[in-house]
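Structure assessment
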Amino acid sequence: MKLLRNLRPRIEVDAAADGATVRLMRGHRLSDSLRLGRNEVHFAILHPDGSYEDLGISPNLLTTVGRDLLSAGLGNFAGKEGAMTAATATSATPAGGGMTVDAYKGHRVWAAAALITSPSSYGNIGSNSATVLTIDQWWTAADGVATTPAATNGYHIQPSVLARFMGVTADVSAASAASTVLTGEITINGLTRALAAYAHTGGTATYTLTKTFSVTGGPQTVHRGGLFTAANTTAAGVLVFETVANVDAIVTTSDSLVATWTVTLSG
């Protein structure tokens, strides 16, 4: 048993019909587990000595701008397509301009020369002017980094209801349906916004998004968190879900902050 206690623990997350189970493993042995319910966010801190702090569960909140994005994605939305006139690592310029400012914020733009002969790439749209789409980066379908498309490639814009990027902040404001940004979002010490791992069991009403932040400095306090449609604060995208941690997480170098969001799809 002494040898097991000395093993560095790891976190495993299993999706379930109405939430998720978080397990603390040492080697091949189960050390502890926690069952998460529906519409909830769970934070825990794993320390380098193998100890951990369970910070409890808090409710998630769907924002108003998040509801609008879901409506566009699930309802009737007219997309936009054509040819580009310019592209950079963080932007795309559709021919003709004429876009309404931020009409495509939170959506995705796909670009390709010809799908028959070359794969497409996409960018998560953080904002748009009348002429230019600002994106987080160009992605491959497998969530890798894609090459910037040619300036004259074809493009297609469509709504995206994927809020997969998790950010955190020390700001002590309350979660609100009116929130559009995560004020004071942390961009240092390993707590920068990042892609979360998705899990879902077919036929069930929930899915989970989990991220383990490996902390590289501090002490740093985490009070709130959010799920976004884009990968960074420059092309911020839409804040779809927000929560206040049940207990503030105070982390420092070599800690791991584990956050699991459970989202319920109800009819």
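Cut-off values and rules
- Residues numbered from 1 in each chain as written.
- Predicted model: local features only at pLDDT ≥ 70, side-chain atom pairs only at ≥ 80, totals over all residues.
- Heavy atoms only, no water.
- Pairing = 2+ DSSP bridges.
- Helix = DSSP H or I, 4+ residues; strand = E, 2+ residues; numbered from the N terminus.
- Axes fitted to C-alpha atoms, helices over the stretch in contact; angles between N-to-C directions.
- Buried < 20%, exposed > 50% of the residue type's maximum accessible area, 1.4 Å probe, protein only.
- Core = buried A, V, L, I, M, F, W, Y, C linked by side-chain atoms within 4.5 Å.
- Contact = heavy atoms within 4.5 Å.
- pLDDT = per-residue confidence, 0-100.
- 1 Å grid on protein atoms, 1.4 Å probe; cavity = no way out; pocket = protein on both sides within 12 Å on 5 of 7 lines; lining within 4 Å.
- Points joined across faces, edges and corners; volume = space filled by probe spheres on them.
- Nonpolar A, V, L, I, M, F, W, Y, C, P; charged D, E, K, R; others polar.

Some thoughts on the sheet that holds strand β4 (residues 40-46)
The five strands are arranged β5-β4-β19-β16-β15 in an open sheet whose pairing can be described as antiparallel. The open sheet has two edge strands, β5 (52-59) and β15 (197-200), and neither has a second partner. In this sheet, neighbouring strand axes are inclined to one another by 15° on average, regardless of whether the strands run parallel or antiparallel. In terms of strand pairing, β15 meets strand β16 (residues 206-214) through four bridges, oriented antiparallel. Note on β16: the bridge partner recorded for His-200 is Tyr-207.

Side note on unusual backbone geometry
Omega for the bond connecting Gly-218 with Pro-219 falls within 30 degrees of zero, at 10°, which places this linkage in the cis form. Looking at the secondary structure, you find Pro-219 in the loop between β16 and β17 (220-228). Located in the positive-phi region is Asp-102, a residue other than glycine, with phi close to 60°. Mapping Asp-102 onto the fold places it in the loop between β8 (91-94) and β9 (108-112). One non-glycine residue with positive phi stands out, namely Ser-254, at about 80°. As for its position among the elements, Ser-254 is in the loop between β18 (239-251) and β19 (256-264). For Ser-254, a relative accessible area of 38% puts it in the partly exposed group.

Topic: the pairing of β5
Where β4 meets β5, six bridges bridge the pair, whose relative direction is antiparallel. Residue pairing across strands places Leu-46 opposite Tyr-52, the latter belonging to β5.

Comments concerning the nonpolar core
Ranked by internal contacts, the top residues of the largest apolar core, which has 29 residues, are Leu-191, Phe-241 and Leu-257. For this core, the leading source of residues is β18, giving five residues. When residues no more than four places from it in sequence are discounted, the contact partners of Phe-241 are Asn-60, Leu-61, Leu-62, Tyr-207, Gly-225, Gly-226, Leu-227, Trp-261 and Val-263. By size, the runner-up hydrophobic cluster in this structure holds 14 residues, among which are Met-84, Met-99, Val-109 and Ile-125.

Topic: the confidence of the model for the protein chain
Per-residue confidence for the protein chain gives a mean pLDDT of 87, with 82% of residues at or over 70. Per-element confidence in the protein chain ranges from a low mean pLDDT of 46 for helix α1 (residues 2-6) to a high of 98 for strand β13 (residues 165-169). Contacts of residues 1-5 to residues separated by more than four positions or lying in other chains number three contacts, the stretch itself having pLDDT below 50.

Points about the layout of surface pockets
The volume enclosed by the largest pocket comes to roughly 510 Å³. Residue lining of the largest pocket: 20 residues in total, with Leu-70, Tyr-207, Phe-241, Val-263 and Leu-265 positioned closest to the centre. Residue classes in the lining of the largest pocket are distributed as 14 nonpolar, five polar and one charged.

A short note on the sheet that holds β8
A barrel is described by the order of its strands in space; here six strands give the closed sequence β7-β8-β11-β10-β9-β12, paired in antiparallel fashion. The mean inter-strand angle of the sheet, taken between neighbouring strand axes irrespective of direction, is 45°.

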